[in-house]
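The chain contents come next:
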Amino acid sequence: MLSNTAVPKYYGEFRDAVIRGEIAVNEEVNLEMNRIDQLIANPGVYYDENAVEGWIAYNESEMTLTNGDDLYLLDSFKLWAEQVFGWYYFEERSVYDPITKKYERKVIKRRLTKKQYLIVARGAAKSMYGSCHQSYGLNIDPDTTHGITTAPTLVVMDGATATTIENVSNIKKFIESK
């Protein structure tokens, strides 16, 4: 359900634990919490609980660990997923209708966060989180056009992303030539 006043479930739990003093946060996390609070207060930005819960349900029912056990998502995964899948805005655009062969003005729901950078320590299961997104994007979300890259630094990530884009471009050229 879309709401422009709702507090995201997992963020709300995290924020309450921070306020109670159970979790200490650094300056960067505090800044992100302030950004999320601003999104909650912004009447032009909407939170979609169903999108986040759908991502969680998909991963916990379809993904498994390497030993075959069920995957139960970490709370941090759910919190990070709220950032990607939870926030939307509406945009009025001119869209071509092939039936009437005319352009029509339509209001389209757009995802606010299109890229996510996680700067966390080694051993924080970034690759598993990335695998969850990749699987969801390939199997469920037809709008996904980006892959997942995990790298130790932003410089390495930029290089890996450029290489991936170049490889995709070469594959497309190869397919078109056949």
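Residues numbered from 1 in each chain as written. Predicted model: local features only at pLDDT ≥ 70, side-chain atom pairs only at ≥ 80, totals over all residues. Heavy atoms only, no water.

Caption draft 1: Here's a closer look at the environment of Glu 92. Counting through the fold element by element, Glu 92 comes out in strand E3 (residues 87–97). A relative accessible area of 49% places Glu 92 in the partly exposed class. Taking the C-alpha atoms as reference points, Glu 92 and Val 107, separated by 15 residues in sequence, lie 4.3 Å from one another. Residue contacts for Glu 92: discarding those within four places in its chain leaves Arg 105, Lys 106 and Val 107. Of note is the side chain of Glu 92, whose polar atom sits 3.3 Å from the side chain of Arg 105. (Helix = DSSP H or I, 4+ residues; strand = E, 2+ residues; numbered from the N terminus. Buried < 20%, exposed > 50% of the residue type's maximum accessible area, 1.4 Å probe, protein only. Contact = heavy atoms within 4.5 Å. Polar contact = N/O pair within 3.5 Å; in protein donor to acceptor, adjacent residues only side chain to side chain.)

Caption draft 2: Focus on the pairing of strand E4 (residues 102–111). Sheet analysis places E3 next to E4, joined by ten bridges and oriented antiparallel. The residue of E4 that forms the bridge with Val 95 is Glu 104. The loop that links E3 with its antiparallel partner E4 comprises four residues; one of these, Lys 101, has a positive phi angle of about 60°. (Pairing = 2+ DSSP bridges.)

Caption draft 3: Region of interest: the sheet that holds E3. Taken in spatial order, the four strands make up an open sheet running E1-E2-E3-E4, and their pairing is antiparallel. At either margin of the open sheet sits one strand with a lone partner, and together these are strand E1 (2–3) and E4. Across the sheet, helix H3 (residues 49–62) touches strand E2 (46–48) and E3, and the angle it forms with E2 is around 35°. Most of the contacts of helix H4 (residues 75–85) go to E3, to which it runs at about 35°, and overall it touches E2, E3 and E4. (Axes fitted to C-alpha atoms, helices over the stretch in contact; angles between N-to-C directions.)

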